[in-house]
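# Observations on the three-dimensional arrangement
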Amino acid sequence: MALHLKLCLSPLKPQIVPTNPQLSQTFNSPPIPNKWNINVEEQMCSALIKPRDLSSKYHTKVVKHELRSVGENSLKGLCMIDAMQRLNIDYHFQQEIETFLTTQYVTNSSAWKHDDLHETSLHFRLLRQQGHFQSPEVFNKFKNKEEKFNPKLSENINGMINLFEASQLSIAGEDILDEAEEFSMKILKEKLVHLNNHEAMFVRRTLENPFHKNLTIFTARNNCLGHLYGTNTWFDSLKEVAKLDFSLLQCLHQREIVQISKWWRELGLNNELPYARNQPLKWYMWSLACLTDPNLSEERVELTKPISLIYIIDDIFDIYGTIEELTLFTEAVSRWDINTAMEQLPDYMKTCFRVLYDLTNEISFKVYQRHGWDPIDSLKMTWESLCKAFLVEAKWFGSGKLPSAEEYLKNGIISSGVHILLVHIFFLLGKGLTKENVERIHKIPPIISSPATILRLWDDLGNAEDENQDGNDGSYVSCLIMDHPDYCTKRARDDVMNKISDAWKNLNQECLFDSHFHKTFTKASLNLARMVPLMYSYDDNNSLPGLEGLLHSLLFEK
């Protein structure tokens, strides 16, 4: 059933036990080995390194000077920015990047005069990423008389790579970018066997994880950029910056993990609820993915706390509580009265509710102290909607009757838990914190519903077969086939992929052009969607070796 943040992070559900309320005091399942728990304090750095420690380094100054002095050489500046972003060090050069791209936008606002596919595509992507609208009509010049992309373009591999990357920033109605994606993907797949090892590896990674839908914080260290930029002197300076930056950020993230471990251990919730998951390291991964700015260390630690409760509450709804108990818990969250809850709830639910109550009040107080806004009503409302969505699913799947696909997805956008995460991010950041934006947040706007749709559908797409085997969980695919008896599984899955593509276009529209919210918040929403594929690369053993490898490299490898 349930929390789809949970499913993508944990391939193994806790042991299922009988839903007997009297078991709440006696249940004591055998411990499950848990590689996602934290017990690594001895590996952690003791000093908190601040990002500004890098600002005076020699190579950073060299790069800034180089970018400021590119002059009319637009391709050089574009390539430098592309390399900075892929190495995850662009945040050091935001002022220089903004100045360069704004100049490019103003200078070429009427028409982009270059005929090189590589430069045109790179220019298009970088300016769109920065929030400067670029018309996809700039690619019409690369079409032939039949209004198709010219087959001769296939010889320009870098052009094909960047055309594919540019197509990922499409919004609804931009058919030419859909055509560009289909054309470039086909060509790159065909060319793979003819490329050398480094080029083939880069192309393969691009097709699997295009830059716009990727998280460079996890991939920067293993980026293969030498064949692209290795002959440029400025690239050596960028590599030196990236090398030092990686070490500093690794130490920062390790320190955050220690803080989370201490909080989780002292909370003692895992001892009180032994059937629930104990995976603080994975919960932290969501915070790390959404809030990549090194200066948001405290916010990452705070955000991990409500994420942990999404998981714990989902475990209660998913495997343990009876419908009657789950209804009591949902009503307790709606009332938000600690005394009544302590009188009416089963013991195991009392512990969870008290932690939820105390944590929400604590976060609300911190937000009020920092930003002058008390979010308690908004946070209560968000938790209430989550529990109600969980209860709806519990009743659906408990009865064995699936809803329509439309009903399922509408409820699933809430039960995904995404809105809990993003609403907390919105208030913790405190940027764009106005009455109007708070009211927008309450209505689950596209900046929230789009990544929630992506996560929910990816989850169902990856887990539908396993879930249908035990009969406990539904999926959008199952509901779609029920609605359309003539659908085969392949057609239903194709429909899901099309819905995911549409959700990405809606998210692009919100993040790049139309959002009422601050860029830091829209980036967090975008990063959440980017994180989803990394969480679904299951192997035959139902493990996540890719994610585990990236995590180990990011946090522990020197």
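Under an unreviewed UniProt entry, the name given to the chain is (3S,6E)-nerolidol synthase 1-like isoform X1, and the organism recorded is Cicer arietinum. The chain has a UniProt comment under Cofactor (unreviewed entry) that states "Mg(2+)".

### Description of the packing of aromatic side chains
One pair of aromatic rings is described through two measures. These are the centre distance and the angle between the planes. On inspection of all chains with the given rule, the structure shows 21 aromatic pairs. For the ring pair F317 and F390, a centre distance of 5.4 Å and an interplane angle of 55° mean the geometry is tilted. In this pair, F317 is assigned in helix α14 (residues 297–320) and F390 in helix α18 (residues 376–399), connecting sequence segments 73 residues apart. Relative accessible area serves as the criterion here: at 4%, F317 is assigned to the buried category. For the ring pair F426 and F427, a centre distance of 5.0 Å and an interplane angle of 70° mean the geometry is edge-to-face. The same class applies to F426 as to F427, namely buried. Among the aromatic residues, those joined into a ring-pair cluster are F317, F329, W336, F353, Y357 and F390. Its end group placed over the ring of F149, K143 keeps NZ or CZ at 5.7 Å from the ring centre.

### Looking at the layout of surface pockets
In this structure, the largest pocket spans a volume of roughly 1,100 Å³. When residues in the lining of the largest pocket are grouped by element, the largest group, eight residues, is from helix α25 (residues 519–534). Across the lining of the largest pocket, the residue classes tally to 16 nonpolar, 15 polar and eight charged. Each of domain 1 (55–241) and domain 2 (268–556) gives at least three residues to the lining of the largest pocket. The space that makes up the second largest pocket amounts to roughly 830 Å³. Along the wall of the second largest pocket there are 28 residues; nearest its centre are E208, P210, K213, W458 and M497. For the lining of the second largest pocket, the elements supplying multiple residues, two or more each, are α6 (157–167), α7 (175–191), α8 (197–208), α24 (489–514), α25 and α26 (545–555). The element best represented in the lining of the second largest pocket is α24, accounting for seven residues. Across the lining of the second largest pocket, the residue classes tally to 13 nonpolar, nine polar and six charged.

### With respect to the environment of Q250
Residue position: Q250 is located in helix α11 (residues 233–267). Considered as a pair, Q250 and F556 are 306 residues apart in the sequence and their alpha carbons are 7.5 Å apart. Ignoring sequence-local partners within four residues, the contact set of Q250 consists of S553, L554, L555, F556, E557 and K558. Within the local environment of Q250, its side chain forms a polar contact with the backbone oxygen of L554, the two atoms lying 3.3 Å apart.

### Quick notes on the packing of helix α13 (residues 280–290) against α14
When two helices pack together, their arrangement is given by the angle between the helix axes and by the axis-to-axis distance. It is the contact of α13 with α14, at a shortest axis distance of 8 Å, that shows an interaxial angle of 125°. Judged by the inter-axis angle, α13 sits oblique to α14. As α13 runs across α14, the sense of the crossing is right-handed. Residues P280, W283, Y284, W286, S287 and L288 of α13 form the contact with α14, whose own contacting residues are R300, L303, T304, I307, S308, Y311 and I312. Of the residues assigned to the contact of α13 with α14, the class counts are nine nonpolar, three polar and one charged.

### So, the nonpolar core
In terms of nonpolar packing, the biggest core is built from 114 residues, with F218, F329, F353, I425 and M531 touching the most fellow members. The dominant element in this core, judged by the number of residues it contributes, is α14, at 12 residues. Composition of this core by domain shows at least three residues from each of domain 1 (55–241) and domain 2 (268–556). If sequence neighbours within four positions are ignored, F218 has contacts with M285, L288, A289, M531, L534, L550 and L554.

### Looking at unusual backbone geometry
The general pattern is negative phi for most residues beyond glycine and trans for most peptide bonds. Of note in this structure, N88 is not a glycine but carries a positive phi near 60°. Examined against the element boundaries, N88 turns out to sit in the loop between α3 (74–86) and α4 (94–107).

### Re the pattern of salt bridges
For the structure shown, the criterion picks out 28 salt bridges. A salt bridge links R128 to E174; the nearest nitrogen and oxygen atoms lie 2.5 Å apart. Placement of R128 in helix α5 (residues 117–129) and of E174 in the loop between α6 and α7 is noted, with a sequence separation of 46 residues between them. In this structure, R128 and E174 share a single accessibility class: buried. A salt bridge links D236 to K239; its shortest N-O distance comes to 3.9 Å.

### So, α26
All of the buried residues along α26 are L547, L550, L551, S553, L554 and L555. Structurally, α26 contributes buried residues whose contacts are with α9 (216–219), α11, α13 and α25.

Parameters at a glance
Residues numbered from 1 in each chain as written. Predicted model: local features only at pLDDT ≥ 70, side-chain atom pairs only at ≥ 80, totals over all residues. Heavy atoms only, no water. UniProt positions renumbered as here; feature names shortened; annotations may be inferred. Phe/Tyr/Trp six-rings, centres within 6.5 Å; stacked < 30°, edge-to-face > 60°. Helix = DSSP H or I, 4+ residues; strand = E, 2+ residues; numbered from the N terminus. Buried < 20%, exposed > 50% of the residue type's maximum accessible area, 1.4 Å probe, protein only. Lys NZ or Arg CZ within 6 Å of the ring centre and 35° of its normal. 1 Å grid on protein atoms, 1.4 Å probe; cavity = no way out; pocket = protein on both sides within 12 Å on 5 of 7 lines; lining within 4 Å. Points joined across faces, edges and corners; volume = space filled by probe spheres on them. Nonpolar A, V, L, I, M, F, W, Y, C, P; charged D, E, K, R; others polar. Domains from an automatic or database assignment. Contact = heavy atoms within 4.5 Å. Polar contact = N/O pair within 3.5 Å; in protein donor to acceptor, adjacent residues only side chain to side chain. Axes fitted to C-alpha atoms, helices over the stretch in contact; angles between N-to-C directions. Parallel < 35°, antiparallel > 145°, perpendicular 65-115°, else oblique. Left-handed = near helix turned anticlockwise from the far one by under 90°. Core = buried A, V, L, I, M, F, W, Y, C linked by side-chain atoms within 4.5 Å. Salt bridge = Lys/Arg side-chain N within 4 Å of Asp/Glu carboxyl O.

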